[in-house]
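# Structural overview for review
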Amino acid sequence: MVYKTVRYLADQIRHMSFEEVKVLKEKGNDYFRNKEYESARDTYTEAIFQAETLGEDGDNELKAALYSNRAACYMYLEEPEPCLSDADHALSLKTPYPRCRLRRFWALRKTGKANDALAELKKAIEEDPSLESSYTKEMREVQKEADDETEKMKQEALGQLK
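### Structural notes on the overall build of the protein chain
Each helix and strand in the protein chain was counted, giving 8 helices and 0 strands. Starting at the N terminus and walking to the C terminus, you meet the elements of the protein chain as α-α-α-α-α-α-α-α. Relative to its full complement of 162 residues, the protein chain shows a buried share of 37%. Intrachain contacts of the protein chain at a sequence separation of at least 6 include 57% that bridge at least 24 residues. Surface exposure of the protein chain reaches about 10100 Å², of which carbon and sulfur atoms provide 51%.

### Description of the packing of aromatic side chains
Enumeration over the complete set of coordinates arrives at 3 aromatic pairs. Measuring from ring centre to ring centre gives 5.5 Å for Phe 32 and Tyr 76, while their planes differ by 75 degrees; the resulting arrangement is edge-to-face. Placement of Phe 32 in helix 2 (residues 18-33) and of Tyr 76 in helix 4 (residues 60-76) is noted, with a sequence separation of 44 residues between them. When its relative accessible area of 22% is taken as the criterion, Phe 32 is described as partly exposed. By way of ring pairs, the aromatic residues Phe 32, Tyr 37 and Tyr 76 are connected into one cluster. In this structure, Lys 94 is placed above the aromatic ring of Tyr 97, and the distance from its NZ or CZ to the ring centre is 4.1 Å.

### Observations regarding the nonpolar core
Core analysis: the biggest nonpolar cluster contains 39 residues, and Val 21, Leu 66, Cys 83, Tyr 97, Cys 100, Leu 121 and Val 142 have the highest contact counts within it. Of all the secondary-structure elements, those providing two or more residues to this core are helix 2, helix 3 (37-53), helix 4, helix 5 (80-93), helix 6 (98-110), helix 7 (114-127) and helix 8 (136-161). When near neighbours in sequence (up to four residues on either side) are disregarded, Leu 121 contacts Leu 102, Phe 105, Tyr 135, Glu 138, Met 139 and Val 142.

### What to know about helix 2
An ideal rise of 1.5 Å per residue puts 22 Å on 16 residues; helix 2 measures up with 22 Å between its terminal C-alpha atoms. Among the residues of helix 2, Phe 18, Val 21, Leu 24, Lys 25, Gly 28 and Asn 29 are the ones counted as buried. Around the axis of helix 2, the buried residues are gathered within 150 degrees of arc, so they sit on the same side. Among the exposed residues of helix 2, those oriented more than 90 degrees off its buried face are Glu 19, Val 23 and Arg 33. Each element contacted by the buried residues of helix 2 is listed here: helix 3 and helix 4. After helix 2 finishes, the residue Lys 35 shows a positive phi value of roughly 60 degrees.

### As for the confidence of the model for the protein chain
Summarising the model, the protein chain shows a mean pLDDT of 90, and 88% of its residues fall at 70 or more. Across residues 5-12, where pLDDT falls below 50, the model places 0 contacts with residues more than four positions away in sequence or in other chains.

### A few points about the environment of Glu 52
Mapped onto the elements, Glu 52 comes out in helix 3. When its relative accessible area of 33% is taken as the criterion, Glu 52 is described as partly exposed. With 11 residues separating them along the chain, Glu 52 and Lys 63 place their C-alpha atoms 7.8 Å apart.

### Considering the packing of helix 2 against helix 3
Where helix 2 contacts helix 3, the two axes come as close as 8 Å, and the packing angle between them is 165 degrees. In terms of axis orientation, helix 2 runs roughly antiparallel to helix 3. In this structure, helix 2 meets helix 3 at a crossing whose hand is left-handed. Contacts from Phe 18, Val 21, Leu 24, Lys 25, Lys 27, Gly 28, Asn 29, Tyr 31 and Phe 32 in helix 2 reach Tyr 37, Ser 39, Ala 40, Thr 43, Tyr 44, Glu 46, Ala 47, Gln 50 and Ala 51 in helix 3. Residue composition of the contact of helix 2 with helix 3, by class: 10 nonpolar, 5 polar and 3 charged.

Conventions adopted
Throughout, a residue's number is its position along its own chain's written sequence, starting from 1. Two thresholds apply to this predicted model, a pLDDT of at least 70 for residue-level local features and 80 or more for giving and counting side-chain atom pairs, whereas whole-chain, interface and lining totals are computed over all residues. The basis for every side-chain value is the complete set of heavy atoms in the structure, and neither hydrogens nor water enter the calculation. By the criteria applied, helices consist of DSSP H or I runs no shorter than four residues and strands consist of E runs no shorter than two, each listed in order from the N terminus. Here's how the labels work: a residue is buried when its accessible area is under 20% of the maximum for its type, exposed when over 50%, partly exposed in between, all with a 1.4 Å probe on protein chains only. In this description, contact between two residues means that some pair of their heavy atoms is separated by no more than 4.5 Å. Each accessible area is a Shrake-Rupley estimate made with a 1.4 Å probe; only the visible protein chains count as cover when residues are assessed. In this analysis, rings of Phe, Tyr and Trp, with Trp reduced to its six-membered ring, are considered paired at centre separations within 6.5 Å, and the interplanar angle assigns stacked below 30 degrees, edge-to-face beyond 60, and tilted for intermediate values. Charge-over-ring placement is defined geometrically: NZ (Lys) or CZ (Arg) within 6 Å of the ring centre, and within 35 degrees of the ring normal. By convention a nonpolar core is built from buried Ala, Val, Leu, Ile, Met, Phe, Trp, Tyr and Cys residues, the set being connected through side-chain atoms within 4.5 Å. The span you would expect from a helix comes to 1.5 Å times its residue count less one. To obtain the arc, one takes the directions from the helix axis to the C-beta atoms. The predictor reports its confidence for every residue as pLDDT, a score running from 0 up to 100. Here the axes come from fitting lines to C-alpha atoms, over the contacting stretch only for helices, and the angles between their N-to-C directions go from 0 to 180 degrees. Working rule for angles: under 35 degrees goes down as roughly parallel, over 145 as roughly antiparallel, 65 to 115 as roughly perpendicular, anything else as oblique. Left-handed describes a crossing whose near helix is turned anticlockwise from the far helix by less than a right angle; the clockwise case is right-handed. In the scheme used here, Gly and all other residues not listed as nonpolar or charged are polar, with Ala, Val, Leu, Ile, Met, Phe, Trp, Tyr, Cys and Pro taken as nonpolar and Asp, Glu, Lys and Arg as charged.

Written as structure tokens, this is what we have:
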């Protein structure tokens, strides 16, 4: 019985072409522009599912954009863990990708990984030097957080030696 149900559901899944996935991506972009982040996230999720079912011969540029866009939704929804996961996946498909690195920077910082966040922000600026002037304040702030994090790690290590 379970097999028949699963088989029926599998048969009902309609696989899209990459052109149809691009249309779905644009629908997600419209939701995002309208600040409907949950709807955008759900639409990108559907597009990701469809793009991934197209197999290895898929368009990595499109897949990277979908994962990065969904990471942006998670960022606006204040969900750093899935944001980080999607940003990592997008970066595995496409580099350089400074916009996605900024999303990864945000997620790392939100999860308390200041040293990793600082390194990610530096990579983003290295990939797109025009970002430096826009992120001067964040760079100073995260540098201080990273220094504090490093000092805390040193103190903890010294405490373990005693």
